[in-house]
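Structural description and commentary
Each chain, written out:
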Amino acid sequence: MGESGKINTLLFVTTLLLTFIGVVMVYSASQVWAQFKYNNEYYYLWRQLIFAGIGIIGMIFISKIDYHLYRNNASKIFLFVFFLLIIVLIPGIGIIRGGARSWIGIGSFSLQPSEFMKIACIILLSKYLSDYYKDMKKPKYIIMLLGVIILVFGVIMLQPDFGTGMIIIATAILILFVSGVNLSYFLYLGLAGAGGIVLLIISAPYRLQRIFAYLDPWSDPLGAGFQIIQSLYAIAPGGVFGVGFGNSIQKSFYLPEPQTDFIFAIILEELGFIGGVAIIILYLIFLLTSLKISYHAVDLFGKFLALGITLTIFIQFFINIGVVIGLLPVTGVTLPFLSYGGSSLAVTLLGVGIILNVSKYQHDD
Amino acid sequence: MNDFIFIMQKRLKFLMILFSALVIVLIFRLSFIQFVNGSDITNRAINLWSRNIPVEGQRGTIYDRNGKPIVNNKLAPSVALIPRQVEKKEEVAKFLSEVLSISYEDSYKHVTKNVNVELIKPKGKKITLDQAKQIINKNYKGVYLVGDTVRNYLYDSYLAHVLGFVGIDNQGITGIEYMYEDYLMGEGGASKYFTDAKGYSLSNLYGIYDAPSKGMDIYLTIDIELQILLERVLENANARYRPDQMLGLIMNPKNGEIYAMASYPSYNPAEYQNYDQEIYNRNLPIWMSYEPGSTFKIITYSAGIEEGVFKLDEHFYDPGYTMVDGTRIKDWKAGGHGDQTFLEVIQNSCNPGFMEIGRRLGTERLFDYIDRYGFGKKTGVDLLGESSGIVFDVEDVGPVELATSSFGQGNSVTPIQLVTATSAAINGGLLYQPYVLKDIRMPITNELIYESTPKEVRRVISEETSDVMRYALESVVARGTGRNAFIDGYRVGGKTGTAQKAVNGVYLENNYIVSFIGAAPMNDPELVVYFAIDNPKDTIQYGGVVAAPIVKEILKEALPILGINRQDNQIEKVYRWGMDLRYHPVPDLIGKKKNKLPYQIYYKYEFFGEGEVVKYQSPSPGEKVVEGGMILVYLGKE
């Protein structure tokens, strides 16, 4: 085991850059809403700035904690977050926002346990995969692991928070894929998934229409297609160079929640195709760097840990931008680093802190 | 463990490729939105963001045949509100109620209405520039002015019945404005103001002006110079005779183009609401239908020549009446005209002579000509409100009806029918459909969209008969009842008419429509002028006395306008001592010394200026001056 003792600078810098872009764009996107709701156009800016500050300090702090600590306490961490996930469902403790009982709050400070569950699941999976990788050819272990993940998904769906639940499942499946699980299992899994979808459609055919409304949003402009259309109305007028920072029209009440799930639409409107592609490439640099950290990690637990967190960030990134540009149906997934939201940003930065710590212990090859 | 690591490393590398591939998919999709669908989506977005304040399209201009504008447009802004942007609702409502003279309640309702764009109809539409200025000065938020236009009638009430007028939304209601609405109508545009989803204006963005398009321009066959002339003549006649109604019509006999058309009483199209419907809906030259009287004799006469039932030099004795079926039908002249040729029959407008022609033709033949000349049917002129007139059914025509029809009583006709029929009688025998639309052109480019061509309806009489008719009608003016229309130097032909008005089957006493139809020059007629005056006061109600001088006045000025020169081979006027005025040619005086001017018995000199030498004279040398008239002589030094 070689310890360079130094964190990966490229990952650190891209993280800071993305977080900075996030704070600036949250300000621009939220300005009109902030003025309207709180009579203070800087409302969301200040909050995001505080979240980012806490998150970055947290990230630096976490990056100094030896990641093996999580391996030894994996079950405790998982059970603690699972407990939070249960109590968030209890009325009086859990706070409802946007139709989902997802927040636990004390005063003006509140957090989403489901966000933390992403990390907890990854730690748990990493521990078991690194301990029992030899048994992973046996279906029993795979079914057991998947059983835990599906249980978590079920509890999160009680809030309901389909987006987060789905990210956890997708992350788990992709980790299993990388862990060398026989590819035929994925075939069965795919078949099972397809069967489930067919059952859903047979039971209620309108679902198909809803799901695929994003392909032709104008077929239902005020229903399923509404957000996609509003997003496209931001993207297209942006053109190649954008309408300029602060000049978005769609953020003026046309696009719902411009600072959260659809912040990338506002970015494309104000900074244009070029700005959008630049940010996408920044993400790609970040993702490939962290995959490389996983590749070079000195032990299996470190590999799985870095991989799992990278996958979570990638899946959110791909789904969020896919939704914004009308490639995927609307799901309610935030864009890591850029979307407004304390828990989301904090969890992402904590995750990066863990990867940064893994990057301290690297093989040379 | 190494095997396991090996598989994992392989799959991690695969994941890197997958990430890169999926990112390329994102960029590809983004490019597709931006570069393939971009402009379409952007247009939809602009529609979403903008509040359209409609701007009417400008109507096309109406020109005369020489390209002089008759009706164009002038600016009359309209008020448009975006109620959500109005901040001081009460203040704005009060202000608008004062400027637009509407009630405060009404105004407040407009200002607070829950719509994107509110128009204040009708008081806020097409306001005056003065009202607009007040609104601009206040510059209230959410109160906009839109550049609408109203029709601008360059000649006020002239040609009103032909032009028609438009309503508050610039839609054609009558006349040419209605007939050619589809061409004249402009396409509306809009001022787009960007707003947020709640309707407040996005002040950092300029609006887009989606300019309305102008309608097509229409060129009429009307010659505005002739129209002005006709209208002025009508105005003068109105002052002199205070008639019930009057009408005038000038047409090109060679193709049916209408040069001028006027009705009295008339109206101002800009204020049509202030007039009775009966005034603006009755374009008398095509609407009015009455028994024309002697002007109709042109029809009977030409039919008789064509059918060869008489010769011009054939003699006919008029005892002052004709017995028809036991009824004694009198001539207009007590005692009759005695012995005369058939040429003199038309010169004298002798009723027994025409009854004789009618008798010789017989009902079938006379009514066939009446039909072929187009009576009893609309001419099809491209104007609103044409009547068809009423012609006897051939089966119902007995000897009395035949006799009265021959000299213009019993059948009722419209002026336009009479003019087109007379045109056919003198243009070589062809009946044309009259029309006022010359062509339609695109604004600015003047690109021709539609061009009217003369429509020949049918041949009515032969060229030879038409030749004879021209001669006969010229002689009516030179030697007969039309002598008051005689113009020295122009070959004028024509026919008088004194129409009795029948009310409930009884002819009114001392209440006639007197008329004259004239044409010139008679060797090759370029224009036909018809004038009729209903119940002129303080005069003998004869066409020859009232109407002929008016037509003469029109012709005398109209011929130079059309560029038609004087001729000298006209039929010489026959003088009736004490009744007709003599004219004598003026010698050339220019350059002569004042004290060496020849002595004249027919006229006097009147001198202007100082000096001994004649510099200028009026009338010019060669022109004729009425006996006892004056020659104006302008003197100067060497």
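In what follows, the accompanying structure is described. In this text, all values refer to a predicted model and were calculated from it rather than measured experimentally.

**What to know about a nonpolar patch on the surface**
Side chains of Val240(A), Phe241(A), Ile274(A), Phe32(B), Phe35(B) and Val36(B) sit close together on the surface and give an oily, nonpolar patch of about 590 Å² of accessible area. The biggest single contributor to the nonpolar patch is helix α1 (residues 2-36) of chain B, with 3 residues. For Ile274(A), the position within the fold is in helix α11 (residues 263-296). Overall, the relative accessible area of 44% leaves Ile274(A) in the partly exposed class.

**Some details on the nonpolar core**
Burial of nonpolar side chains together is a common tendency in soluble globular proteins. The biggest cluster of nonpolar side chains holds 129 residues, and the ones touching the most others in it are Met117(A) and Phe317(A). Of the residues forming this core, the biggest block, 18 residues, is contributed by α11(A). Apart from residues lying up to four places away in sequence, Phe317(A) is in contact with Ile280(A), Tyr283(A), Leu287(A), Leu335(A), Pro336(A), Val23(B) and Leu26(B). Core analysis: the next-biggest nonpolar cluster, separate from the first, contains 88 residues, Tyr153(B), Val162(B), Ile440(B) and Ile513(B) among them.

**Focus: the interface of chain B and chain A**
Chain B puts 40 residues into the contact, and the matching count from chain A is 49 residues. Summing both sides of the interface, chain B and chain A together bury roughly 4500 Å²; the carbon and sulfur share of this comes to 80%. Joining chain B to chain A, the criterion identifies 0 salt bridges. If you look at where chain B meets chain A, you find 8 residue pairs in polar contact (both at pLDDT 80 or more).

**Observations concerning helix α17 (residues 463-479) of chain B**
All names here are of chain B. Here α17 spans 24 Å end to end across 17 residues, near enough to the 24 Å set by a 1.5 Å rise per residue. Of all the positions in α17, only Thr 465, Ser 466, Met 469, Arg 470, Ala 472, Leu 473, Glu 474, Ser 475, Val 476, Val 477 and Ala 478 are classed as buried. Of the surrounding elements, those touching the buried residues of α17 are α12 (297-307), α13 (342-347), α16 (415-426), β21 (493-503) and β22 (506-520).

**A word on the environment of Gly99(A)**
All names here are of chain A. Summarising the element assignment, Gly 99 is placed in the loop between β1 (94-97) and β2 (100-106). What makes Gly 99 exposed here is its relative accessible area of 60%. Counting along the chain gives 60 residues from Gly 99 to Gln 159, while the straight-line C-alpha distance between them is 8.6 Å. Apart from residues no more than four positions distant in its own chain, Gly 99 is found in contact with Gln 159 and Pro 160.

**Side note on the sheet that holds strand β25 (residues 604-608) of chain B**
Residue and element names in this part refer to chain B. Within the open sheet, the 3 strands sit side by side as β25-β28-β26. Their pairing is mixed. Strand pairing shows two members of the sheet lacking a second neighbour, β25 and β26 (613-618), which therefore form its edges. Strand-to-strand twist in this sheet, taken as the mean axis angle between neighbours without regard to direction, amounts to 35 degrees. Sheet analysis places β26 next to strand β28 (residues 630-636), joined by 5 bridges and oriented antiparallel. Note on β28: the bridge partner recorded for Ser 618 is Leu 632.

**Brief notes about the sheet that holds strand β3 (residues 69-75) of chain B**
Strand pairing in a sheet is mediated by backbone hydrogen bonds. Such pairs are either parallel or antiparallel. Residues and elements named next belong to chain B. Reading across the sheet, the 6 strands line up as β7-β3-β2-β10-β18-β19 and stay open at both edges, with mixed pairing between neighbours. Each end of this open sheet is capped by a strand with a single partner; those strands are β7 (149-153) and β19 (448-451). Pairing of β3 with β7, which is carried by 5 bridges, proceeds in the antiparallel orientation. When the sheet's bridge partners are listed, Val 71 is paired in β7 with Tyr 153.

**Quick word on the packing of aromatic side chains**
Tallying each qualifying case throughout the model produces 36 aromatic pairs over all chains. Taken together, a centroid distance of 5.8 Å and an interplanar angle of 45 degrees make the contact between Tyr301(B) and Phe354(B) tilted. With a gap of 53 residues between them, Tyr301(B) in helix α12 and Phe354(B) in helix α14 (residues 351-372) connect regions that are remote in the sequence. The class for Tyr301(B) is buried, based on a relative accessible area of 0%. For Phe354(B), a relative accessible area of 0% translates into the label buried. What links up through ring pairs into an aromatic cluster is the set Tyr283(A), Phe286(A), Phe314(A), Phe317(A), Phe318(A), Phe337(A) and Phe19(B). In this structure, Arg11(B) is placed above the aromatic ring of Phe177(A), and the distance from its NZ or CZ to the ring centre is 4.9 Å. The ring of Phe607(B) carries the charged tip of Lys594(B) above its face, separated from the ring centre by 4.9 Å.

**What about the side chain of Ser294(B)?**
All names here are of chain B. Tracing the backbone through its elements, the reader meets Ser 294 in the loop between α11 (284-287) and α12. Judged by relative accessible area, which is 12%, Ser 294 ranks as buried. Polar contacts involving the side chain of Ser 294 include one to the side chain of Ser 349, which spans 3.3 Å. In contact with Ser 294, other than residues within four places in its own chain, are Ser 349, Phe 407, Lys 495, Thr 496, Gly 497 and Thr 498.

Procedures and definitions
Residues numbered from 1 in each chain as written. Chains lettered and ligands numbered in written order. Predicted model: local features only at pLDDT ≥ 70, side-chain atom pairs only at ≥ 80, totals over all residues. Heavy atoms only, no water. Patch = residues over 30% accessible without salt bridge, like charges linked within 9 Å, V, L, I, M, F, W, Y side chains within 5 Å. Areas by Shrake-Rupley, 256 points an atom, 1.4 Å probe, with all protein chains shown as cover. Salt bridge = Lys/Arg side-chain N within 4 Å of Asp/Glu carboxyl O. Helix = DSSP H or I, 4+ residues; strand = E, 2+ residues; numbered from the N terminus. Buried < 20%, exposed > 50% of the residue type's maximum accessible area, 1.4 Å probe, protein only. Core = buried A, V, L, I, M, F, W, Y, C linked by side-chain atoms within 4.5 Å. Contact = heavy atoms within 4.5 Å. Buried area = accessible area lost by both parts, 1.4 Å probe. Polar contact = N/O pair within 3.5 Å; in protein donor to acceptor, adjacent residues only side chain to side chain. Expected span 1.5 Å × (residues − 1). Pairing = 2+ DSSP bridges. Axes fitted to C-alpha atoms, helices over the stretch in contact; angles between N-to-C directions. Phe/Tyr/Trp six-rings, centres within 6.5 Å; stacked < 30°, edge-to-face > 60°. Lys NZ or Arg CZ within 6 Å of the ring centre and 35° of its normal.

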